[in-house]
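Spelled out from the first residue to the last, the chains are:
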Amino acid sequence: MGRRDGAARSLWRELLPTAFLLTGDQVAAQHLVVRALSRGRPPTDHDTGVVALVRVHRRRWSSACAGRITGELPAPWWAAPADLADARDLATRLDALDRDERTAVVLRGHEQWDPERTTALLPHVDLDPLLQRLPADLPRRLDVLAGLCGTAALHDDAVVGAVRATSARRARRTVLGAVGVAAVVAAGVWMPSPAEQPTAEPTTGRPVAARPDPGGALAAAPRGPLAGDPDLLAAVRARLVADGGPGEGLRLLYGDDVLGVRVLLVAGPDGVQYWLTGPDGASPADLDVTGFGSGVLDETAMAVTVPGADGAVRLVVVAEEGTDLGARTGVDVDPSTGLVSQGWVDLPTTDGVAAAVLDRTWQRGLRVLADGPDDAPVELWPVPTGEPSWSLADAGPGAASRSGNLTASTYAYERALATIADATGWAPDRLQVSVLGATDVPTPSGGSDEVVAVAAVLPDGAVVTTTGSGYVRKTAGGFTSSWNDCGGSAYPAGTDPARVVVAATCLVPGSDGGGFDRTTVVFAPPGVDVELRTVDGAPVEVELDAGAGWSTYVGAQDLATATADGATYPVAGPAADALAY
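Everything numeric in this text was worked out from a predicted model, so none of it was measured. (Residues numbered from 1 in each chain as written. Predicted model: local features only at pLDDT ≥ 70, side-chain atom pairs only at ≥ 80, totals over all residues. Heavy atoms only, no water.)

### Examining the state of the cysteines
For the coordinates displayed, the defined rule picks out one disulfide. Here Cys486 is linked by a disulfide to Cys506, with a sulfur-sulfur distance of 2.0 Å. Handedness here is read from the sign of the S-S torsion; for Cys486 and Cys506, about 115°, the answer is right-handed. Linking Cys486 in strand β20 (residues 478-491) with Cys506 in strand β21 (residues 502-509), this pair joins segments that are 20 residues apart in sequence. Look at Cys506 and you get buried, because its relative accessible area is 0%. (Disulfide = S-S within 2.5 Å. Helix = DSSP H or I, 4+ residues; strand = E, 2+ residues; numbered from the N terminus. Buried < 20%, exposed > 50% of the residue type's maximum accessible area, 1.4 Å probe, protein only.)

Given below as structure tokens:
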């Protein structure tokens, strides 16, 4: 019996409950376990198995089951009615989280990962506020919920067979790529340093730590037709030195004119890499230089975005051979219905390199998923390059507000507008933007958080809104700031933003001085009365001043609708965010 077969037989039962908590679906949990056991190096124990589950779960394949307990939960004989009620309540709360938040909760509360390890894997999740929103007995409730995942439909031989089949399909996809790597490595081109003589070893007598060899995509030989041009290599070095970069220890990883832009990728010393980008055929002296990297010498993939002459964003990814690539491109709003769908682009590779023209004019907000042949899948944010077509600093002071305060602060306006640009892919200069409301919600410390709602008409006529809360405060060392997105909504073309009622459930500092309260903030045209309703249809009163106000309703679920002048509007929130992707 091979190592993979042995891992499948010994680990699937203990991994399945965790997979169920991650996916929220019995079938999706089974598929997740099979894929985690079939990829890369087989897990050796429960811990490495959980890591594989998480890596695979964060890929696009499971987006249809991104964390929602489906169907009626079973009632096993061993579970007390009170425990079942708690588990069902927790299932509802988990459904309100996005995928990474839900994953962090499962790892911290069920797998008992320490906070540092959880944050290292999910750096974009603010763990402490997230856990404060959930019951204090979270581990117990997660254990009960995990116990509701049945295993009767599976047995050892079925799991082993599924793992073998999935692993075999993946091996067929990567074997040709591995042969290609061997041929390319033999022709590797290193950028010579200005001095051809070898550097003498230091003679201080102090021990010198050996520098690890690069791995992953950094270990591959240069790719692209420009990689072997010696004149280009010398010009690249001169360009980096002129920009304040290093002149030694450089290695060209990729160079090509692709999709109307020139893209060069250079590996520098100490784990820093440089993208040189610009128009097709431009000399290195005329290229923009963007440095990135954090000392990691084993990257599965590196990605960059470049604005094209036509305004559309180009995405280029340089990855380890055999890596499957795809990109989350935000949300697409149907202008005829206002319905939202998730944007996704498959990225076919040639020699581990992928390039695509995206239906976006805004570089930020993209996420690339890279699933290497040996390592677990990773998610990365492409490096934006060139001068942005619109600067958030140009927003100007005091954007006029329809409801509530006369103006919104520049900080809140910028952050809300950036949320729309990131999600839709449209640069702000392509949008018709208006502030629908701004108000100040008091905090227990005696200060206040500003809540702002912004609407944007997209180029195709569809309308989106987003609401967020935050603050900027001066400190002795400068300033501190915070921003939380409350959620967004979408409407069909022809909707007049000036008449839209915005309602969103925001997290604001708790009235007891700790944790957070859920408060639904409302912005309506001044003079219009609004009635909120719960998911059960019960009315909730909200008093408006100049068209702005908030409810005192705090519950486990968001409010469902806001009604004004006979029209019904959605209430955005953690479980109903049209701009989440």
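### Some remarks on the sheet that holds strand β3 (residues 261-267)
Sheet architecture is open: four strands sit in the order β2-β3-β4-β5, paired in antiparallel fashion. At either margin of the open sheet sits one strand with a lone partner, and together these are β2 (251-258) and β5 (288-292). Averaged over all pairs of adjacent strands, the angle between strand axes in this sheet comes to 15°, irrespective of strand direction. Relative to β3, β2 runs antiparallel, the two being bridged by seven bridges. Bridging across to β3, Gly255 finds its partner in Leu264. This element, helix α10 (residues 230-242), spans β2, β3, β4 (273-279) and β5 of the sheet and lies at about 75° to β3. (Pairing = 2+ DSSP bridges. Axes fitted to C-alpha atoms, helices over the stretch in contact; angles between N-to-C directions. Contact = heavy atoms within 4.5 Å.)

### What about the side chain of Arg314?
Its place among the elements puts Arg314 in strand β8 (residues 313-319). In terms of polar contacts, Arg314 uses its side chain to reach the backbone carbonyl oxygen of Leu259, at 2.8 Å. With residues near it in sequence (within four places) discarded, Arg314 still touches Leu259, Val261, Val304, Thr305, Val306, Gly308, Ala356 and Val357. (Polar contact = N/O pair within 3.5 Å; in protein donor to acceptor, adjacent residues only side chain to side chain.)

### Brief notes about the confidence of the model for the chain
A low pLDDT score tells you not to read the predicted coordinates there in detail. Overall, the prediction assigns the chain a mean pLDDT of 78, with 76% of residues at 70 or greater. Mean pLDDT in the chain bottoms out at helix α9 (residues 156-185), which sits at 49, and peaks at strand β11 (residues 353-357), which reaches 96. Of the regions scoring below 50 in pLDDT, residues 389-396 engages in 14 contacts with residues more than four places distant in sequence or in other chains. (pLDDT = per-residue confidence, 0-100.)

### Some remarks on the pattern of salt bridges
On inspection of all chains with the given rule, the structure shows seven salt bridges. Residue Arg533 is joined to Glu531 by a salt bridge in which the shortest nitrogen-to-oxygen separation is 2.9 Å. Overall, the relative accessible area of 29% leaves Arg533 in the partly exposed class. Under the relative-accessibility criterion, Glu531 is labelled partly exposed at 33%. Here the salt bridges share partners, and the residues they tie into one network are Asp137, Arg140 and Arg141. (Salt bridge = Lys/Arg side-chain N within 4 Å of Asp/Glu carboxyl O.)

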